[in-house]
Amino acid sequence: MGIVADSRRESVAPSPTDRSAVDGLSFGKALRVLVIEDEPGIVDFVCRGLEAEGFAVEAAMDGIEGERLALRGSFDAIVLDLMLPRRGGLEILQSIRRAMPNVPVIVLSARGEIEDRVQGLDAGAMDYLVKPFSMAELVARVRAHLRVIAQTSASTLSVEDIEVDLLTRTVHRSGQAVTLSRTEFELLVHLMRHHGRAVSREQILSSVWSYEHDPGTNVVDVYVGYLRRKLDRPGAPAPIFTVRAVGYRLGSSS
Ligand code: CA
């Protein structure tokens, strides 16, 4: 395996205390990232790369230690390898999800098959990077997910030209009001909170419909169709993309 080197690491980085790694989220203190990975080369590469970007990083090199640290609950984001000694990454992911539904977990894996990606996303990964990956991409994704978390505590969401006010439950596209049903609104909010990445139909079903649906149902596809039609503008189709074998993505991929 190989790691793509990132020239940005060559530049002199500010210290963790004099800049916020994600605007609007850290208030003068470094955001904390836990790295659970057993290959020393990757641990070193990832830790140094994240530290250079202003994050405070801790690493665990086996599954049991990683899970123990993760469940301490003091991290803003977790980078998790799947193939680990003593305890597998998917099991760790499931226990993190039970204890802390909102902490972003970015899975690193050598396995890039589509079913592995879906399994990882379904187990609660917010993102999935296949080795070899670039440090720039990992940092960008950690930032993007932390920004989403910052946004979830705000009362408005905006992606491209779509704006949602969660208090008044109003939606605008390019400044024009869009009238949505309750379910369409919840679906749009879910897609906006995960914008830029693929969301599986199962995730949408459990989040928007709040119960386990017959997996054969096409209710998600039907409602995405309604939403697309209502958000369409002449010359500007709704930015909801179908992601083959997974589900849907709102907005361009980050
Ligand atoms: Ca490994």
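In this convention, every chain numbers its residues from 1, walking through the sequence in written order. Only residues with pLDDT of 70 or above have their local features reported here, since the model is predicted, and side-chain atom pairs are shown and tallied only from 80 upward, although totals for entire chains, interfaces and linings are computed over all residues.

Its place among the elements puts K131 in the loop between strand 5 (127-130) and helix 5 (135-152). Comment: burial labels come from other C-beta atoms within 10 Å of the residue's own C-beta, placed from the backbone, where a count of 20 or more is buried, 12 or fewer is exposed, and between is partly exposed. Since 16 C-beta atoms lie within 10 Å of it, K131 is described here as partly exposed. It is 4.9 Å that separates the C-alpha atoms of K131 and A110, two residues lying 21 residues apart in sequence. Secondary structure elements follow DSSP: runs of H or I of four or more residues count as helices, runs of E of two or more count as strands, with numbering from the N terminus.

With that out of the way, let us pick up the sheet that holds strand 10 (residues 199-200). Spatially, 10-12-11 is the arrangement adopted by the 3 strands of the open sheet, whose pairing is antiparallel. Since the sheet does not close on itself, it has two edges, and those belong to strand 10 and strand 11 (240-243), each with one partner. In the sheet, strand 10 pairs with strand 12 (residues 247-250) via 2 bridges, with the strands oriented antiparallel. Considered in strand 12, the bridge of S200 is made with G247. DSSP calls a pair of strands paired once it identifies at least 2 bridges connecting them.

Next up on the list: the environment of D221. Inspection of the secondary structure assignment puts D221 in helix 8 (residues 219-231). With 20 residues separating them along the chain, D221 and R201 place their C-alpha atoms 8.3 Å apart.

Where helix 2 (residues 63-71) contacts helix 3 (residues 89-99), the two axes come as close as 10 Å, and the packing angle between them is 10°. When the axes of helix 2 and helix 3 are compared, the pair comes out roughly parallel. In this structure, helix 2 uses G63, G66, E67, A70 and L71 to contact helix 3, whose residues at the interface are I92, S95, I96 and A99. Residues were grouped as follows: Ala, Val, Leu, Ile, Met, Phe, Trp, Tyr, Cys and Pro as nonpolar; Asp, Glu, Lys and Arg as charged; and all remaining residues, including Gly, as polar. Its residues assigned to classes, the contact of helix 2 with helix 3 comprises 5 nonpolar, 3 polar and 1 charged. In this analysis, axes come from line fits to C-alpha atoms, helices being fitted only over the stretch in contact, and the angle between any two N-to-C directions falls in the range 0 to 180 degrees. Note on angle classes: values under 35 degrees are labelled roughly parallel, values over 145 roughly antiparallel, values of 65 to 115 roughly perpendicular, and the remainder oblique. We call two residues in contact if the C-beta atoms placed from their backbones are at most 7 Å apart.

What follows is about the sheet that holds strand 7 (residues 162-165). The strands that make up a sheet pair up through hydrogen bonds in the backbone, lying either parallel or antiparallel. Judged by pairing direction, the sheet is antiparallel, and its 4 strands sit side by side in the order 6-7-8-9 without closing on themselves. If you trace the sheet from one side to the other, it starts and ends with strand 6 (156-159) and strand 9 (176-178), each paired once. When the angles between neighbouring strand axes are averaged without regard to direction, this sheet yields 25°. Sheet topology places strand 6 next to strand 7; 4 bridges connect them, and they run antiparallel. Looking across to strand 7, one finds that L157 is bridged to V164.

By themselves, these observations are geometric and do not establish any function.
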